[in-house]
Amino acid sequence: GHYVVMRKALSKELGWQMGSLVAQACHATVAATWLHREDEHTKQYCAEGNLAHMHKVVLEVKGQTQLVNLSKKLEDAGIRHKLWVEQPENFPTCLATKPYPKEDIQAHFRKLNLCK
(Lines give C-alpha, C1' and ligand atoms only; values in the text may rest on other atoms or scores of the structure.)
Protein backbone atom coordinates (compact mmCIF):
# COMPACT_ATOMS: atom_id res chain seq x y z
CA GLY A 1 0.00 0.00 0.00
CA HIS A 2 0.85 3.65 0.14
CA TYR A 3 2.27 5.52 3.10
CA VAL A 4 1.08 9.14 3.17
CA VAL A 5 2.61 11.68 5.56
CA MET A 6 0.87 14.99 6.25
CA ARG A 7 2.09 18.16 7.94
CA LYS A 8 0.15 18.48 11.19
CA ALA A 9 0.80 22.23 11.25
CA LEU A 10 -1.34 22.74 8.12
CA SER A 11 -4.53 22.17 10.11
CA LYS A 12 -3.41 22.91 13.68
CA GLU A 13 -1.47 26.14 13.10
CA LEU A 14 -2.34 27.34 9.61
CA GLY A 15 -6.06 26.54 9.71
CA TRP A 16 -6.32 24.52 6.51
CA GLN A 17 -9.74 22.94 6.01
CA MET A 18 -10.26 19.17 5.80
CA GLY A 19 -11.01 19.31 2.06
CA SER A 20 -7.74 21.09 1.34
CA LEU A 21 -5.79 18.53 3.36
CA VAL A 22 -7.46 15.61 1.60
CA ALA A 23 -6.71 17.22 -1.77
CA GLN A 24 -3.00 17.45 -0.91
CA ALA A 25 -2.88 13.77 0.07
CA CYS A 26 -4.69 12.86 -3.15
CA HIS A 27 -2.26 14.91 -5.25
CA ALA A 28 0.77 13.22 -3.67
CA THR A 29 -0.70 9.72 -3.89
CA VAL A 30 -1.78 10.02 -7.53
CA ALA A 31 1.59 11.54 -8.46
CA ALA A 32 3.56 8.80 -6.67
CA THR A 33 1.44 6.14 -8.38
CA TRP A 34 1.74 7.71 -11.84
CA LEU A 35 5.49 8.32 -11.58
CA HIS A 36 5.99 4.63 -10.74
CA ARG A 37 3.28 3.18 -12.99
CA GLU A 38 5.74 0.74 -14.59
CA ASP A 39 6.85 -0.66 -11.21
CA GLU A 40 5.64 -4.22 -10.57
CA HIS A 41 4.22 -3.41 -7.10
CA THR A 42 2.32 -0.46 -8.57
CA LYS A 43 0.92 -2.57 -11.41
CA GLN A 44 -0.24 -5.22 -8.95
CA TYR A 45 -1.72 -2.62 -6.57
CA CYS A 46 -3.67 -1.00 -9.43
CA ALA A 47 -4.80 -4.26 -11.06
CA GLU A 48 -8.56 -4.34 -11.56
CA GLY A 49 -8.99 -7.25 -9.15
CA ASN A 50 -7.17 -5.37 -6.39
CA LEU A 51 -8.89 -1.98 -6.63
CA ALA A 52 -11.36 -2.80 -3.85
CA HIS A 53 -8.48 -3.80 -1.56
CA MET A 54 -6.27 -0.71 -1.68
CA HIS A 55 -4.54 0.15 1.58
CA LYS A 56 -3.09 3.42 2.80
CA VAL A 57 -1.48 4.43 6.07
CA VAL A 58 -1.83 8.16 6.77
CA LEU A 59 0.68 9.53 9.27
CA GLU A 60 1.74 12.98 10.39
CA VAL A 61 4.83 15.02 11.14
CA LYS A 62 4.85 18.35 12.95
CA GLY A 63 5.92 20.72 10.20
CA GLN A 64 7.80 21.48 7.00
CA THR A 65 11.27 20.76 8.39
CA GLN A 66 10.27 17.28 9.54
CA LEU A 67 8.52 16.54 6.23
CA VAL A 68 11.49 17.61 4.11
CA ASN A 69 13.91 15.70 6.37
CA LEU A 70 11.77 12.56 6.09
CA SER A 71 11.73 12.91 2.30
CA LYS A 72 15.55 13.11 2.28
CA LYS A 73 15.85 10.04 4.53
CA LEU A 74 13.49 8.08 2.29
CA GLU A 75 15.42 9.16 -0.78
CA ASP A 76 18.70 8.08 0.82
CA ALA A 77 17.14 4.70 1.64
CA GLY A 78 15.91 4.23 -1.94
CA ILE A 79 12.23 4.48 -0.97
CA ARG A 80 10.44 5.91 -3.99
CA HIS A 81 7.95 8.62 -3.12
CA LYS A 82 6.60 12.02 -4.11
CA LEU A 83 7.05 15.06 -1.91
CA TRP A 84 4.06 17.21 -2.86
CA VAL A 85 5.02 20.88 -3.12
CA GLU A 86 1.99 23.12 -3.60
CA GLN A 87 2.43 25.66 -6.39
CA PRO A 88 2.80 28.52 -6.98
CA GLU A 89 3.64 28.93 -3.28
CA ASN A 90 6.46 26.33 -3.43
CA PHE A 91 5.11 24.97 -0.14
CA PRO A 92 5.73 21.28 0.81
CA THR A 93 2.48 19.86 2.22
CA CYS A 94 2.79 16.07 2.31
CA LEU A 95 4.45 13.05 0.76
CA ALA A 96 3.28 9.68 -0.48
CA THR A 97 5.21 6.55 -1.32
CA LYS A 98 4.59 4.47 -4.39
CA PRO A 99 2.76 1.25 -3.50
CA TYR A 100 5.00 -1.12 -1.54
CA PRO A 101 4.42 -4.28 0.45
CA LYS A 102 4.05 -3.16 4.07
CA GLU A 103 6.99 -5.24 5.25
CA ASP A 104 9.31 -3.49 2.78
CA ILE A 105 8.83 0.03 4.15
CA GLN A 106 7.00 0.14 7.49
CA ALA A 107 10.27 0.40 9.43
CA HIS A 108 10.89 3.84 7.87
CA PHE A 109 7.67 5.16 9.43
CA ARG A 110 7.65 3.53 12.89
CA LYS A 111 8.34 6.73 14.81
CA LEU A 112 5.41 8.61 13.23
CA ASN A 113 1.88 8.84 14.61
CA LEU A 114 -1.33 8.24 12.73
CA CYS A 115 -2.75 11.45 11.31
CA LYS A 116 -5.55 12.86 13.47
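It should be emphasised that the depicted structure is a prediction, and the values quoted were computed from it without experimental measurement.

Student: Lay out the overall build of the chain with the relevant residues and their values.
Tutor: Regarding its fold elements, the chain presents 5 helices and 5 strands. The order of helices and strands in the chain, counted from the N terminus, is β-α-α-α-β-α-β-β-α-β. Taking 116 residues into account, the globule formula puts the C-alpha radius of gyration at 13 Å, and the chain, at 14 Å, falls close to it. Considering only C-alpha atoms, the chain reaches an extent of 40 × 30 × 25 Å along its principal axes.

Student: Tell me about the pattern of salt bridges, and please be specific about residues and values.
Tutor: Considering all chains together, one arrives at 5 salt bridges under this definition. The shortest N-O distance in the salt bridge between E60 and K8 comes to 3.7 Å. With E60 in strand 2 (residues 56–61) and K8 in the loop between strand 1 (2–7) and helix 1 (9–12), this residue pair connects regions lying 52 residues apart in the sequence. In this structure, K43 and E38 form a salt bridge, with 3.7 Å as the shortest nitrogen-oxygen distance. Judged by its relative accessible area of 38%, K43 is partly exposed. Relative accessible area serves as the criterion here: at 58%, E38 is assigned to the exposed category. Among the ionic contacts, a cluster of salt bridges with common partners joins E38, E40 and K43.

Scoring rules and cut-offs
Residues numbered from 1 in each chain as written. Predicted model: local features only at pLDDT ≥ 70, side-chain atom pairs only at ≥ 80, totals over all residues. Heavy atoms only, no water. Helix = DSSP H or I, 4+ residues; strand = E, 2+ residues; numbered from the N terminus. Rg over C-alpha atoms; globule rule 2.2 N^0.38 Å. Salt bridge = Lys/Arg side-chain N within 4 Å of Asp/Glu carboxyl O. Buried < 20%, exposed > 50% of the residue type's maximum accessible area, 1.4 Å probe, protein only.

Treat this as a map of the structure, not an account of what it does.
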